[in-house]
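Single-letter residue listing:
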Amino acid sequence: METQAVILNASGKLDLNVVGVTPPTATDIVVAVRHSGISSGTEKLFWSGDMPPFPGMGYPLIPGYEAAGEVVEAGRDSGFRVGEHVFVPGASCYEGAFGLFGAAAATLVTDADRVTRIDRGLGAAGALLALAATARHAMAGEGKAVPDLIVGHGVLGRLLARLTVAAGAPAPTVWEIDPARMHGAAGYDVVRPADDARRDYRSIYDASGDASLLNDLMGRIAKGGEIVLAGFYTAPISFAFPPAFMKEARLRIASEWVADDMAATKALVESGTLRLDDLITHTDTAANAPDAYTTAFTDPACLKMILNWSAA
């Protein structure tokens, strides 16, 4: 069994090629991928060579953890049927390539427990469920507060803002410095940091991935306020202690989604409460993957790039 897949052979060296796929077991399903998303966060770090050591990483690597497609084969113990549409958060089913993420391929083999049934009508937007669930994970749960300031108006920042508004909480303020990303707010304001004089935020969510902002953010929280690190950071996290001490600041790191987050996010999307499709600004065919990845990683106007695998 073989499939076309995006293969990252080394930093900056990406192409589309054919790889072997391990045979499915009785609990596996085989998925024909229709759309996969490109992450401008963690995937970009692999592409640029800036990703710090991470369990399971190495080259050649098949990237991607956002895929939506159709079940074309279902193991007898999988609980799925051929024709069902699913979201797949990646796969490690390849011969001769690492599948730390592994969603950027025409065909995936994965254990059925890892996938989520979705409405076929979601189309390409179905590939964004993982990112939306990750935003939900950062906010939802015991001891967590919704943001009143969000740093960064990329896809993650927009999802955090939309989920806050959907929860009926006061609309957050969102910081952005790139003119190409100032637009698109619905129910909240996007401002430049220099134009914001407020210094009593209770909960700041950083979706920028820029660790150098931490000292500035310390000066923006109220006493006892919290800063949530919702991005992925390659540089060591450091900050001046005296201002943090005076504010009795709290730091929290938000990780990836879990099953409850996916279920709740899917319900919000399928009910129309949370919109995802308008976050897709660019699409391309899998055959043009090298150019598509370059655009996703270098063009600030690209919020989300989707690869279409229908011709693969």
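Here is what the cut-offs are and how they apply
- Residues numbered from 1 in each chain as written.
- Predicted model: local features only at pLDDT ≥ 70, side-chain atom pairs only at ≥ 80, totals over all residues.
- Heavy atoms only, no water.
- Axes fitted to C-alpha atoms, helices over the stretch in contact; angles between N-to-C directions.
- Helix = DSSP H or I, 4+ residues; strand = E, 2+ residues; numbered from the N terminus.
- Parallel < 35°, antiparallel > 145°, perpendicular 65-115°, else oblique.
- Left-handed = near helix turned anticlockwise from the far one by under 90°.
- Contact = heavy atoms within 4.5 Å.
- Nonpolar A, V, L, I, M, F, W, Y, C, P; charged D, E, K, R; others polar.
- Patch = residues over 30% accessible without salt bridge, like charges linked within 9 Å, V, L, I, M, F, W, Y side chains within 5 Å.
- Areas by Shrake-Rupley, 256 points an atom, 1.4 Å probe, with all protein chains shown as cover.
- Salt bridge = Lys/Arg side-chain N within 4 Å of Asp/Glu carboxyl O.
- Pairing = 2+ DSSP bridges.
- Right-handed = clockwise from strand over helix to strand, strands pointing away.
- Phe/Tyr/Trp six-rings, centres within 6.5 Å; stacked < 30°, edge-to-face > 60°.
- Buried < 20%, exposed > 50% of the residue type's maximum accessible area, 1.4 Å probe, protein only.
- Lys NZ or Arg CZ within 6 Å of the ring centre and 35° of its normal.

With that settled, the discussion passes to the packing of helix α2 (residues 129-139) against helix α6 (residues 259-270). Put simply, α2 and α6 touch, their axes get as near as 8 Å, and they point 110° apart. Here α6 runs roughly perpendicular to α2, going by the angle between their axes. Read as a crossing pair, α2 and α6 show a hand that is right-handed. Two secondary-structure elements touch here, α2 through Leu129, Ala130, Ala132, Ala133, Arg136 and His137 and α6 through Asp260, Asp261, Met262, Ala264, Thr265, Lys266 and Val269. Of the residues contributing to the contact of α2 with α6, the split by class is 7 nonpolar, 2 polar and 4 charged.

There is a patch of nonpolar side chains on the surface, built from Ile237, Phe239, Phe241, Phe245, Met246 and Leu251 and spanning about 640 Å² of accessible area. Per-element accounting of the nonpolar patch gives the leading share, 3 residues, to helix α5 (residues 241-247). Among the secondary structure elements, Leu251 is positioned in strand β14 (residues 250-253).

Let us now look at the pairing of strand β15 (residues 282-285). Each regular strand shows side chains that alternate between the opposite faces of the sheet. Note that β15 and strand β16 (residues 305-308) share 4 bridges and pair parallel. The partner of His282 across the bridge, within β16, is Met305. Since β15 and β16 lie parallel, the crossover through helix α7 (residues 289-298) that links them has a hand, and here it is right-handed.

Time to look at the packing of aromatic side chains. In the structure shown here, the tally under the stated rule is 4 aromatic pairs. Between Phe241 and Phe245 the ring centres are 5.7 Å apart and the planes differ by 35°, which places this aromatic pair in the tilted class. Taken together, the residues Phe241 and Phe245, both in helix α5 and 4 residues apart, mark about one turn of the helix. According to the relative accessible area criterion, Phe245 is exposed, its value standing at 56%. Between Tyr293 and Phe297 the ring centres are 5.7 Å apart and the planes differ by 70°, which places this aromatic pair in the edge-to-face class. Of the two residues, Tyr293 and Phe297 are both situated in helix α7; the distance of 4 residues between them amounts to about one turn of the helix. We classify Tyr293 as buried; its relative accessible area is 1%. Site record: aromatic cluster; members linked through ring pairs are Trp47, Tyr293 and Phe297. Positioned above the aromatic ring of Phe80 is the side chain of Arg117, whose terminal nitrogen or guanidinium carbon lies 3.9 Å from the ring centre.

Across the sheet, 3 strands lie side by side as β1-β2-β6; this open sheet has antiparallel pairing. Edge positions in the sheet fall to β1 (2-10) and β6 (94-95), since each of these pairs with one other strand and no more. As judged from the 2 bridges shared by strand β2 (residues 13-21) and β6, these two strands associate in the antiparallel manner. If you follow Gly20 over to β6, its bridge partner there is Glu95. Contacting β1 and β2, α7 crosses the sheet at an angle of about 125° to β2.

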